[in-house]
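# Structural characterization, general
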Amino acid sequence: RLLVVLRGLGADMRALSWSAALAAAEQAALTLLVLTGATHSDLHDLLDETTEAGRHLADAISAVALRGIEPNLRIRQGNPLHQITEELAARPYEMLVLSAENRGEFVATAAEESLASGAQLRALLVCKPNRITATSRTFQSTKRRLHRG
């Protein structure tokens, strides 16, 4: 069983490509964990393909479906790190798939907390963005950091 964490990043699509290929090759179940950082999120935004969140989720499901995989969908709200560890505690997963931002701080913390939580993972797959999958939000974030320094 693979748990793919979706945070709305361009690298999510790269993570989906890799994890869908692995799930298809191994005939493994694949779960998409959609994280929303807000304490409350409008479910309609996630299901409406005219919103950025809705398009991202629809694209994610389509990318997995192209490999013949029907994903399980889990939506969690609140602190993303806590939601990952809670999902890992709730169900047995063998692999955690994360998308990394440029520096990878979130992924490092998520991996550390996942292992500390006692999750019985056999593997961790980390996918970094490239110029093709990076979103405009990633570029804007990088631009702000460069101007601060």
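Refer to the structure presented above.
Just so it is clear, the model here is predicted, and its values are computed rather than measured.

When helices and strands are counted, the protein shows 6 helices and 5 strands. Reading the protein from its N terminus to its C terminus gives the helix and strand order β-α-β-α-α-β-α-β-α-β-α. Here the protein holds 149 residues, and the buried ones make up 40% of them. In the protein, of all internal contacts separated by at least 6 residues, the share reaching a separation of at least 24 is 77%. Surface accessibility of the protein: about 8700 Å² in total, with carbon and sulfur atoms responsible for 52%.

On to a nonpolar patch on the surface. A cluster of nonpolar side chains, contributed by I61, L73 and I75, occupies part of the molecular surface with about 210 Å² of accessible area. On the secondary structure map, I61 appears in helix α3 (residues 52–65).

Let us look at unusual backbone geometry. Glycine aside, negative phi is the norm for most residues, and most peptide bonds take the trans geometry. Look at Q27: it is not a glycine, yet its phi comes out positive at around 50°. Residue position: Q27 is located in the loop between α1 (11–26) and β2 (30–36). Classification of Q27 as exposed rests on a relative accessible area of 75%.

What follows is about the packing of aromatic side chains. Evaluated as defined, the whole model comprises 0 aromatic pairs. Positioned over the ring face of Y93 is R1, at 5.0 Å from the centre of the ring. One residue, R7, lies across the ring of F106, its end atom 3.8 Å from the ring centre.

What follows concerns the side chain of S114. By the secondary structure assignment, S114 is in helix α5 (residues 105–116). There is a polar contact of 2.7 Å between the side chain of S114 and the backbone oxygen of A110. Setting aside anything within four residues of it in sequence, one finds S114 in contact with I84, T85, L88, L96, A119 and L121.

Bringing the environment of L81 into the picture now. Counting through the fold element by element, L81 comes out in helix α4 (residues 80–90). When the C-alpha atoms of L81 and F106 are compared, they prove to be 8.2 Å apart, with 25 residues separating the residues in sequence. Apart from residues lying up to four places away in sequence, L81 is in contact with F106, T109, A110 and E113.

Each strand in a sheet pairs with its neighbour through backbone hydrogen bonds, running either in the same direction (parallel) or in the opposite one (antiparallel). Ordered by their spatial adjacency, 5 strands build an open sheet running β3-β2-β1-β4-β5, and the pairing between neighbours is parallel. Both outer strands of the open sheet, β3 (72–77) and β5 (123–127), are each paired with one neighbouring strand and no more. For this sheet the average axis-to-axis angle between neighbouring strands, irrespective of direction, equals 20°. Alignment of strand β1 (residues 2–6) against strand β4 (residues 95–99), held across 3 bridges, turns out to be parallel. Directly across from L2, in β4, lies its bridge partner M95. In the packing of α3 onto the sheet, the strands contacted are β1, β2 and β3, and the crossing angle to β2 comes to about 170°.

How each quantity is defined
- Residues numbered from 1 in each chain as written.
- Predicted model: local features only at pLDDT ≥ 70, side-chain atom pairs only at ≥ 80, totals over all residues.
- Heavy atoms only, no water.
- Helix = DSSP H or I, 4+ residues; strand = E, 2+ residues; numbered from the N terminus.
- Buried < 20%, exposed > 50% of the residue type's maximum accessible area, 1.4 Å probe, protein only.
- Contact = heavy atoms within 4.5 Å.
- Areas by Shrake-Rupley, 256 points an atom, 1.4 Å probe, with all protein chains shown as cover.
- Patch = residues over 30% accessible without salt bridge, like charges linked within 9 Å, V, L, I, M, F, W, Y side chains within 5 Å.
- Salt bridge = Lys/Arg side-chain N within 4 Å of Asp/Glu carboxyl O.
- Phe/Tyr/Trp six-rings, centres within 6.5 Å; stacked < 30°, edge-to-face > 60°.
- Lys NZ or Arg CZ within 6 Å of the ring centre and 35° of its normal.
- Polar contact = N/O pair within 3.5 Å; in protein donor to acceptor, adjacent residues only side chain to side chain.
- Pairing = 2+ DSSP bridges.
- Axes fitted to C-alpha atoms, helices over the stretch in contact; angles between N-to-C directions.

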